[in-house]
Amino acid sequence: MLLRCKARLPPPPPPLLLLLLGPLGPFSPGALAGPVQAEDPAELDFSTERPVHQVSPAFLSFTIDASLATDPRFLTILGSPKLRTLARGLSPAYLRFGGTKTDFLIFDPQKEPTFEERSYWQSQVKQDICKSGSIPSDVEKRLQMEWPFQEKLLLQEQYQKKFKNSTYSRSSVDMLYTFANCSGLDLIFGLNALLRTANLQWNSSNAQLLLDYCSSKNYNISWELGNEPNSFRKKAGIFIDGLQLGKDFVKLHKLLGKTSFKTANLYGPDIGQPRGKTVPMLRSFLKAGGKVIDSVTWHHYYLNGRIATKEDFLNPDVLDTFTSTVQKIFQDYWLSLLFKKLVGTNVFTASVKGPDRSKLRVYLHCTNVNHPRYKEGDLTLYALNLHNVTKRLQLPYHLFDKQVDKYLLQPLGPDELLSKSVQLNGQTLKMVDDHTLPALTEKSLRPGSSLGLPAFSYGFFVIRNAKVPACI
């Protein structure tokens, strides 16, 4: 099982990169006026006899970068009810706390909470912490004002590859766990793997302190050890081979067995893309420590986020580098929310007949039966049009007479691909208030209708009453 291949379409560029443009108008400069000949729909081919794969209900999960804890004051922002509402919309999911700074964070159980953390906890006294009010307004405003300066420091550290150790407190752990718990997410916590003895074995003493504290709080947490150990030499001047890393995981597994986390999941090794020198590292790690991990994890990078262009995100060859996570190319949150609400776990084979296969990308699942509008046997098709003109899809003949609900995502405003706002079936998506997500309203198509996809757009199509046995 692949738990998470931290698919970084840069980190996606901010997450809000939106596909775009909408239908081209019927006229262009220099064109002759007159009727436009409609292009024949591209025929779809489905194979729904049996699923080719089954994904976890937690598929499409996300990370809070560990750099947020470099200055623990900023963890207080996790108390925001708006942020929790957005996160809750993506449940069930894993929330990974990790990244480069994982290996530069040290738990200090004696460290006092920051002023901002204390202010937040004091405001929650005698309240249901998952339903209570927001961060004190003065604290929230100050953190928002100071964050750009903190972000600049973090980026400078990243570019220079000169990382400093930071400490975090019990309060910081509580803030992170409360956010995950109140949002219905399963927390995966990354432990520092760069704490080493003189002979380069992992020094587990700090991890023991954290495990003891989390056990005393009865927290339900899964664990990782380290982030991209293949790059330790660049980040810290230390080389740890896969064999030693495997032994370190065995050591951590034994530690977990002596605490309340004896049944907790352990994931790793969180290496970079398995290619070149990384492959033998992964193999030797699995030989030494593969038996103690619950899932193998690695990080897939589509592009270098510092130099990526819009065109890169529309390049089929880029998407083909990891075809199973292509949906990350868009206005990230709303796309992710629709995926969670409409897409079930059983995966089928779907393809486009003809020459448009690389730029008309289609994926087929059972529909998520937890959606109140749909039932067992329904199908969800999601499709991406990388052409710069509108394309139309035609369902297979045996589904031709079925009613289809369309959920089409397009940008709002003149910024096109870079727009930060998105429309669903022509209605702008935005939160109703800090506690309420917008309604995701479908547009019903007449049976027999082709499925329209404007240029560079993304759509979900629920095929109702499909009565697919593998979805029942």
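Structural data are supplied above this passage.
Only a predicted model underlies this, so the values are computations on that prediction, with no experimental measurement involved.

Conventions and cut-offs
Residues numbered from 1 in each chain as written. Predicted model: local features only at pLDDT ≥ 70, side-chain atom pairs only at ≥ 80, totals over all residues. Heavy atoms only, no water. Phe/Tyr/Trp six-rings, centres within 6.5 Å; stacked < 30°, edge-to-face > 60°. Helix = DSSP H or I, 4+ residues; strand = E, 2+ residues; numbered from the N terminus. Buried < 20%, exposed > 50% of the residue type's maximum accessible area, 1.4 Å probe, protein only. Core = buried A, V, L, I, M, F, W, Y, C linked by side-chain atoms within 4.5 Å. Contact = heavy atoms within 4.5 Å. Disulfide = S-S within 2.5 Å. 1 Å grid on protein atoms, 1.4 Å probe; cavity = no way out; pocket = protein on both sides within 12 Å on 5 of 7 lines; lining within 4 Å. Points joined across faces, edges and corners; volume = space filled by probe spheres on them. Nonpolar A, V, L, I, M, F, W, Y, C, P; charged D, E, K, R; others polar. Expected span 1.5 Å × (residues − 1). Axes fitted to C-alpha atoms, helices over the stretch in contact; angles between N-to-C directions. Parallel < 35°, antiparallel > 145°, perpendicular 65-115°, else oblique. Left-handed = near helix turned anticlockwise from the far one by under 90°. Pairing = 2+ DSSP bridges.

As enumerated under the stated definition, the model contains 19 aromatic pairs in all. With 5.2 Å between their ring centres and 65° between their planes, Phe74 and Trp147 make a pair best called edge-to-face. Of this pair, Phe74 sits in the loop between β3 (62-65) and α1 (81-88) while Trp147 sits in helix α3 (residues 137-160), and the two are 73 residues apart along the sequence. Residue classification places Trp147 among the partly exposed residues on the basis of a relative accessible area of 28%. Considering the side-chain rings of Phe97 and Phe189, the 5.1 Å spacing of their centres and the 40° angle between planes classify their relative orientation as tilted. Note that Phe97 is positioned in strand β4 (residues 93-98) and Phe189 in strand β7 (residues 185-191), a separation of 92 residues in sequence. For the pair Phe97 and Phe189, one class covers both residues: buried.

What follows covers the nonpolar core. Grouped together as the largest cluster of nonpolar side chains are 58 residues, with contacts concentrated most on Phe97, Phe189, Leu210, Ile221 and Trp223. Among all residues touching Ile221, those that are not within four sequence positions of it are Tyr177, Leu187, Phe189, Cys214, Phe261 and Ala264. The next biggest cluster of nonpolar side chains, apart from the first, holds 29 residues, and it includes Leu384, Leu440, Ala455 and Tyr458.

Before going further, it helps to spend a moment on the state of the cysteines. In the structure shown here, the tally under the stated rule is 2 disulfides. Disulfide partner of Cys366: Cys471, at an S-S distance of 2.0 Å. Between Cys366 and Cys471 the disulfide shows an S-S torsion of about -85°. By sign, it is left-handed. Within this pair, whereas Cys366 is found in strand β12 (residues 360-367), its partner Cys471 is found in the segment after β20 (458-463), the two being separated by 105 residues in sequence. Like Cys471, Cys366 is buried.

Below, the discussion takes up empty space enclosed by the protein. Leftover empty space is mapped by rolling, across the atoms, a probe with the size of a water molecule. This model, assessed by the stated rule, comprises 4 cavities of 30 Å³ or more. Along its surface, the largest cavity is lined by 13 residues, and Leu105, Tyr168, Leu191, Asn192 and Asn206 are the ones closest to its centre. Taken together, the elements giving at least two residues each to the lining of the largest cavity come down to β5 (105-107), β7 and α5 (205-216). For the lining of the largest cavity, the per-class residue count stands at 9 nonpolar, 4 polar and no charged.

The first and last C-alpha atoms of α5 sit 17 Å apart over 12 residues, in line with the 16 Å expected at 1.5 Å per residue. Listed in full, the buried residues belonging to α5 are Asn206, Ala207, Leu210, Leu211, Tyr213, Cys214 and Ser215. Packing partners of the buried residues in α5 comprise β5, β6 (166-168), α4 (170-182), β7, β8 (221-225) and α7 (242-257). Just beyond α5, the residue with positive phi is Asn218, at close to 60°.

Turning our eyes to something else, we now look at the layout of surface pockets. What the second largest pocket holds in volume is close to 410 Å³. In this structure, the second largest pocket is lined by 24 residues; those nearest its centre are Val343, Gly344, Thr345, Asn368 and Asn370. Of all the secondary structure elements, the ones that give two or more residues to the lining of the second largest pocket are α11 (332-342), β11 (343-352) and β12. Top element by residues in the lining of the second largest pocket is β11. It accounts for 4 residues.

A separate point is the environment of Ser132. Counting through the fold element by element, Ser132 comes out in the loop between α2 (115-123) and α3. Residues Ser132 and Pro81, 51 residues apart in the sequence, show an inter-C-alpha distance of 8.4 Å. Sequence-distant contacts of Ser132, defined by excluding residues within four places in its chain, comprise Gln124 and Gln127.

In the contact formed by α2 and α4, the axes pass within 11 Å of each other and the chain directions differ by 55°. It follows from the interaxial angle that α2 and α4 lie oblique. Note that α2 runs across α4; the crossing there is left-handed. Facing Glu117, Tyr120 and Trp121 of α2, the residues of α4 in contact are Ser171, Ser172, Asp174, Met175 and Thr178.

Take the pairing of β11 next. Sheet faces and side chains relate simply in a regular strand, where the side chains alternate between the two faces. For β11, the tally of buried residues reaches 8 of 10 residues, placing the bulk of the element in the interior. With 4 bridges joining them, strand β1 (residues 42-47) and β11 adopt antiparallel strand pairing. By the bridge assignment for β11, Ser47 is matched with Thr349. Across 2 bridges, strand β2 (residues 53-54) lies against β11 in antiparallel orientation. Within β11, the position partnered with Gln54 by the bridge is Asn346.

Another point: the side chain of Ser351. Of note, Ser351 is situated in strand β11. The exposure class of Ser351 is buried, given its relative accessible area of 18%. When sequence neighbours within four positions are dropped, the list of residues in contact with Ser351 reads Glu43, Leu44, Asp45, Arg357 and Val362.

Let's shift gears to the sheet that holds strand β9 (residues 266-271). Across the sheet, which stays open at both edges, the 6 strands sit in the order β3-β4-β7-β8-β9-β10 with parallel pairing between neighbours. The open sheet is flanked by β3 and β10 (295-298), the only strands paired with a single partner. Here the strands of the sheet are splayed against their neighbours by 30° on average, with no regard to which way each runs. Seen against the sheet, α5 touches β7 and β8 and runs at an angle of roughly 175° to β8.

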